Amino acid sequence: MRTEEIAEKLINGEAPGKAELLELIRARTPEVSKRLASAADKKRREVYGDRVYIRGLIEFTNCCKNDCLYCGIRRSCRSAERYRLTEGEILSCCAEGHRLGFRTFVLQGGEDPYFTPERVSSLVRAIKAAHPDCAVTLSVGEHPREVYKLWREAGADRYLLRHETADKAHYERLHPASMRFENRMRCLYDLKDLGFQVGCGMMLGSPFQTPATLAEDLAFIRDFRPHMVGMGPFIPARDTPFAGERAGTLEETLFFISVVRLLLPGVLLPATTALGTIDPQGREKGLQAGANVLMPNLSPTAVREKYALYDNKLCTGEESAQCLACLEARVASAGFKIVTDRGDSKIQ
Ligand code: SAH
């Protein structure tokens, strides 16, 4: 089938098969990308209108026991200056965020053994007690089902765990042998089964990624039906094995945002910080290509630069929660409107 025909099929809501997705990825042209972006924008307006949801991102620890080859806070990265926030600091971030209008807090961190299942539970309970009108999202990596269950019972609503790649061989080239593809997948299915709104996702342009691995990603997303999909360009991080690799591109990331919006119209799609890092207008362009979520940084200023997943992370202040007015103006200039409700997913 011709690329244009596959694109039309996707636009008409008929989910293409894996072979067709592969063809679409292989033959991506600026014209097809443009067509998909305008269809994705239309589709998002049908489902979510012009509303853009905001999440306050609290990067509460950059200590990590894992050694993902791409990540700037991996265990072996000597230059990473480690920190962890106290429960009191995290709660003040939430209080500040609530005052600014945030109704979702995303607690993201490395897999830090200091934050035991019980500590995380009590943190979630404390946030929910202080802000019962807010959703709490956790993004703290792979854990046993019982631990996820504990956190769900403590009141956590959502969980972000990017699958990183749906191709097992590719997964093994991005992670140390101690990390298993099967376990990552197990986590995602457990989280969904426990009633979390679940986010998966991948970097675009990661080392060893191919059209075939990306077709696997899309087929996985189509079948798994996550509530959210986080996608951003891969950006090399210093002192990691991939420090000298090429970064992913704006065009490719926007293309995948559009395709995922069309595959799953009700999904929540963030225009990520990484997208804003590779292009000053990256997040606005992400919204115009079908994204509908922004995650401004709510972490204390002193630690923002230390949560360096990759080099030159957007960290000028304008992306921060405190500069919501700047963000509102940017979002308005792109044709959208920031809203401050919880912004639950429309995926059932
Ligand atoms: N420890 C948590 C949070 C990880 S950081 C977890 O395992 O889920 C959140 C995301 O940042 C990762 O899932 C990865 O996709 C992304 N990331 C890490 N290093 C990156 C890099 N060098 N460039 C772009 N994105 C990166």
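Relevant structure appears above.
Residues numbered from 1 in each chain as written. Predicted model: local features only at pLDDT ≥ 70, side-chain atom pairs only at ≥ 80, totals over all residues. Heavy atoms only, no water.

Chemist: If you had to explain the packing of aromatic side chains to someone new, which residues and values would you point to?
Modeler: Any pair of aromatic rings gets described here by the distance separating the centres and the angle formed by the planes. In this structure the tally under the stated criterion is 13 aromatic pairs. Aromatic pair Tyr159 and Phe196: ring centres 5.9 Å apart, planes at 80°, arrangement edge-to-face. Taken together, the positions of Tyr159 in strand β5 (residues 158–160) and Phe196 in the loop between α8 (181–193) and β6 (197–204) put the pair 37 residues apart, joining distant regions of the chain. When its relative accessible area of 2% is taken as the criterion, Phe196 is described as buried. (Phe/Tyr/Trp six-rings, centres within 6.5 Å; stacked < 30°, edge-to-face > 60°. Helix = DSSP H or I, 4+ residues; strand = E, 2+ residues; numbered from the N terminus. Buried < 20%, exposed > 50% of the residue type's maximum accessible area, 1.4 Å probe, protein only.)

Chemist: Would you mind going over the sheet that holds strand β4 (residues 135–139) in detail, with residue names and values included?
Modeler: Read across the open sheet, the six strands follow the order β2-β3-β4-β5-β6-β7; overall the sheet is parallel. On the outer flanks of this sheet lie β2 (56–61) and β7 (228–233), each paired with one strand and no other. Taking each pair of neighbouring strands and ignoring which way they run, the sheet shows an average axis angle of 20°. Across five bridges, β2 lies against strand β3 (residues 104–109) in parallel orientation. When the bridges of β3 are listed, Ile58 appears paired with Leu107. Strands β6 and β7 of the sheet are contacted by helix α9 (residues 211–224), whose axis makes an angle of about 170° with β6. Along the sheet, helix α10 (residues 250–263) makes contact with β6 and β7, crossing β7 at roughly 165°. (Pairing = 2+ DSSP bridges. Axes fitted to C-alpha atoms, helices over the stretch in contact; angles between N-to-C directions. Contact = heavy atoms within 4.5 Å.)

Chemist: Lay out the environment of Leu160 with the relevant residues and their values.
Modeler: Within the element layout of this structure, Leu160 appears in strand β5. A residue is classified by how much of its surface remains accessible, and Leu160, at 18% relative accessible area, is buried. As for Leu160 and Cys200, which are separated by 40 residues in sequence, their C-alpha atoms are 6.2 Å apart. The contacts of Leu160, once residues within four sequence positions are left out, are Val106, Thr137, Leu138, Ser139, Gly199, Met228 and Met295.

Chemist: Now, about the pairing of β3: what can you tell me, with residues and values included?
Modeler: Taking burial as the measure, the six residues of β3 include six buried ones, the bulk of the element. Of the two faces of β3, the one lined by Thr104, Val106 and Gln108 and the one lined by Phe105, Leu107 and Gly109 are each fully buried. Taking the sense of rotation as the criterion, the β-α-β connection linking β2, helix α4 (residues 87–100) and β3 turns out right-handed. Pairing of β3 with β4, which is carried by five bridges, proceeds in the parallel orientation. Bridge pairing links Val106 to Thr137 in β4. (Right-handed = clockwise from strand over helix to strand, strands pointing away.)

Chemist: Tell me about the packing of α9 against α10, and name the residues and values.
Modeler: In the contact formed by α9 and α10, the axes pass within 10 Å of each other and the chain directions differ by 30°. As the angle between them shows, α9 and α10 are arranged roughly parallel. The crossing of α9 and α10 is right-handed. Residues Leu214, Leu218, Ile221 and Arg222 of α9 form the contact with α10, whose participating residues are Glu252, Phe256, Val259, Val260 and Leu263. (Parallel < 35°, antiparallel > 145°, perpendicular 65-115°, else oblique. Left-handed = near helix turned anticlockwise from the far one by under 90°.)

Chemist: Before we move on, could you go through the state of the cysteines and cite the residues and values that matter?
Modeler: Scanning the entire structure with this criterion turns up one disulfide. Residue pairing for Cys323: its cysteine sulfur links by disulfide to Cys326, the two sulfurs lying 1.7 Å apart. Of all cysteine sulfurs in the structure, the one in Cys71 sits closest to Cys68, which takes part in no disulfide; the separation is 6.1 Å. What makes Cys68 buried here is its relative accessible area of 12%. Between Cys94, a cysteine without a disulfide, and Cys93, which holds the nearest cysteine sulfur, the sulfur-to-sulfur distance is 6.7 Å. (Disulfide = S-S within 2.5 Å.)

Chemist: Describe the site of the ligand, naming the residues involved and giving the relevant values.
Modeler: What surrounds the ligand is a group of 18 residues, the closest being Tyr70, Gly109, Arg162, Glu164 and Ile235. At 3.0 Å, a side-chain N or O of Arg162 approaches an oxygen atom of the ligand. Residue Ile235 places a main-chain N or O atom 2.7 Å away from a nitrogen atom belonging to the ligand. Protein chains shield 92% of the accessible area of the ligand, which is 560 Å² for the free molecule. Taken together, the residues of the shell around the ligand break down into 10 nonpolar, five polar and three charged. (Near = heavy atom within 4 Å. Polar contact = N/O pair within 3.5 Å; in protein donor to acceptor, adjacent residues only side chain to side chain. Areas by Shrake-Rupley, 256 points an atom, 1.4 Å probe, with all protein chains shown as cover. Nonpolar A, V, L, I, M, F, W, Y, C, P; charged D, E, K, R; others polar.)

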